[in-house]
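Breakdown of the fold
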Amino acid sequence: MKEQLNAIQSAAATALSTAKDLAELETLRVKYLGKKGELTAVMKGMGKLSPEERPIIGQIANEVRNFIESALEDKKTALETAAAAEKIANETIDVTMPGKRPCMGKKHPLTIVLDDLKDIFIGMGFSIVEGPDVETDYYNFEALNLPKDHPARDTQDTFYIDKNILLRTQTSPVQIRTMEKQKPPIRVIAPGRVYRSDAVDATHSPVFHQIEGLVIDKGITMADLKGTLEIFVHKLYGNDTRLRFRPHHFPFTEPSAEVDISCFNCGGKGCRICKGEGWIEILGCGMVHPKVLRGCGIAPEEYSGFAFGIGLERTTMFRYDIDDLRLFFENDIRFLEQF
Ligand code: DAH
């Protein structure tokens, strides 16, 4: 029996020394110390021993059990330490590795031009105001001197929500909202989205952007309008650009004009961009109609002012020589990353 016990001890020692992981260790524990294990099996036979032999063999058996138990414990600690060390080694960070370059976002071309435009007007003392995209008939038409049956309403194919509520077709209603809230002097621009029921093509979209301008004070004249727009055009298109005011009609201004600039591409000789004209139309403007002023509680005998409306898509297309407006809204990354 003594030899059997010694054999178990040395077999266990060998097996434990080569165990590779905690799972294998557990298998060995069961094999040697478990209820059906080898050591238990030997000890079950102790009953057959003589009373003299029993304590001697019992002591040896206890020593073997203690030996295996502490060997198991030692091996477990060793395996755990090794595993922790390996984990740390695998997690080492090589700080000399090249970094991952973050993808930089860019401003949309419409945003670039709008930001430039805002800077130019802020530099002339304007502040920026906003109005709602969903408007009432009153602000979009009526208060701008376009009564219900006015033919000019037909030129702006309106998205009606109901008889009275619509998607604004122009940023001009922000003029009215501003004059209702603010007493002169007023000097604001109002950029924003506008909506018209137009089919999509290279120059039309049912959603586009305008920048409205409004100046009201005592003694404002057409000369102030011309001077302001000249500074704006020179800053945006360069000092050599010439301006031309063409008589036009807008219900909310009197007199009204459209402004052309000399073609920035050919300088006025005529080319593809200006379609051989030498001039490019860039905005509508005029002196605020006395009826509009009065409707907002501003006395036309005391105050006068000018207004203008600029199309942001057109302006941006000229600025970057873009020939199709759809590019602004398709979000093709190959287009957007050029700016
Ligand atoms: N609201 C006009 C349009 O959408 C543009 C415009 C013209 C605005 C003359 C103005 C202006 O403020 O004075 O066609």
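Residues numbered from 1 in each chain as written. Predicted model: local features only at pLDDT ≥ 70, side-chain atom pairs only at ≥ 80, totals over all residues. Heavy atoms only, no water.

1. A closer look at the overall build of the chain
Across its full length, the chain holds 12 helices and 9 strands. Relative to its length of 339 residues, the chain is extended, with a C-alpha radius of gyration of 44 Å against a globular reference of 20 Å. Taking the principal axes of the C-alpha coordinates as reference, the chain spans close to 135 × 45 × 40 Å. In the chain, the share of contacts with a sequence separation of at least 24, taken over all contacts with a separation of at least 6, comes to 65%. As presented, the chain carries roughly 19,200 Å² of accessible surface, and 54% of it is formed by carbon and sulfur atoms. (Helix = DSSP H or I, 4+ residues; strand = E, 2+ residues; numbered from the N terminus. Rg over C-alpha atoms; globule rule 2.2 N^0.38 Å. Contact = heavy atoms within 4.5 Å. Areas by Shrake-Rupley, 256 points an atom, 1.4 Å probe, with all protein chains shown as cover.)

2. A short note on the layout of surface pockets
Over the atoms, a rolling probe the size of a water molecule traces out where space has been left empty. Approximately 190 Å³ is the volume found for the second largest pocket. As for the second largest pocket, its lining consists of Leu114, Lys118, Glu130, Gly131, Asp133, Arg168, Pro191, Gly192, Arg193, His209, Gln210 and Leu312. It is strand β4 (residues 186–195) that contributes the most residues to the lining of the second largest pocket, 3 residues altogether. When the residues that make up the lining of the second largest pocket are grouped by side-chain class, the tally is 3 nonpolar, 4 polar and 5 charged. (1 Å grid on protein atoms, 1.4 Å probe; cavity = no way out; pocket = protein on both sides within 12 Å on 5 of 7 lines; lining within 4 Å. Points joined across faces, edges and corners; volume = space filled by probe spheres on them. Nonpolar A, V, L, I, M, F, W, Y, C, P; charged D, E, K, R; others polar.)

3. Some words on the pairing of strand β9 (residues 304–311)
Here strand β5 (residues 207–217) pairs with β9 via 8 bridges, running antiparallel. The residue bridging glutamine 210 from the neighbouring strand is glycine 311, located in β9. (Pairing = 2+ DSSP bridges.)

4. Thoughts on helix α5 (residues 109–123)
An α-helix turns once every 3.6 residues. As a result, residues three or four positions apart point the same way. In this model α5 runs 21 Å from its N-terminal to its C-terminal C-alpha over 15 residues, within 8% of the 21 Å that 1.5 Å per residue would give. Pro109, Leu110, Ile112, Val113, Leu114, Leu117, Ile120 and Phe121 are the residues of α5 that are buried. Two residues or fewer after α5 comes glycine 125, characterised by a positive phi angle close to 90 degrees. (Expected span 1.5 Å × (residues − 1). Buried < 20%, exposed > 50% of the residue type's maximum accessible area, 1.4 Å probe, protein only.)

5. Concerning the pattern of salt bridges
For the coordinates displayed, the defined rule picks out 18 salt bridges. Two residues, glutamate 24 and lysine 20, come together in a salt bridge whose shortest N-O distance is 3.9 Å. Looking at glutamate 24, the relative accessible area reads 28%, which means it is partly exposed. In this structure, the salt-bridge partner of glutamate 26 is arginine 29, at a minimum N-O distance of 3.0 Å. Separated by 3 residues within a single helix, glutamate 26 and arginine 29 lie in helix α2 (residues 22–33), roughly one turn from each other. (Salt bridge = Lys/Arg side-chain N within 4 Å of Asp/Glu carboxyl O.)

6. Some words on the pairing of strand β8 (residues 279–288)
Among the 10 residues of β8, 8 are classified as buried, and the element is accordingly described as predominantly covered. With 8 bridges connecting them, strand β7 (residues 253–262) and β8 associate as antiparallel partners. Bridge pairing links valine 259 to leucine 283 in β8. With 5 bridges joining them, β8 and β9 adopt antiparallel strand pairing. Across the sheet, the residue bridging to methionine 287 is phenylalanine 306, located in β9.

7. Some thoughts on the nonpolar core
Residues Leu117, Phe121, Phe232, Leu283 and Phe308 are the most contacted members of the largest nonpolar core, which totals 42 residues. If you list the elements that add at least two residues to this core, you get α5, β5, α8 (222–237), β7, β8, β9, α10 (312–320) and α12 (333–336). In this structure, leucine 117 is in contact with Ile211, Phe232, Leu236, Ile310, Leu312 and Thr315, ignoring residues within four places of it in sequence. Judged by nonpolar contacts, the second largest core, of 24 residues, contains Leu146, Val288, Val292 and Tyr303. (Core = buried A, V, L, I, M, F, W, Y, C linked by side-chain atoms within 4.5 Å.)

8. Points about α2
Over its 12 residues, α2 extends 16 Å from the first C-alpha to the last, a length consistent with the 16 Å expected when each residue adds 1.5 Å. The elements touched by buried residues of α2 are α1 (2–18), α3 (38–44) and α4 (53–90). The opening residue of α2, the one whose side-chain oxygen lies 3.2 Å from the backbone nitrogen of alanine 23, is aspartate 21. (Polar contact = N/O pair within 3.5 Å; in protein donor to acceptor, adjacent residues only side chain to side chain.)

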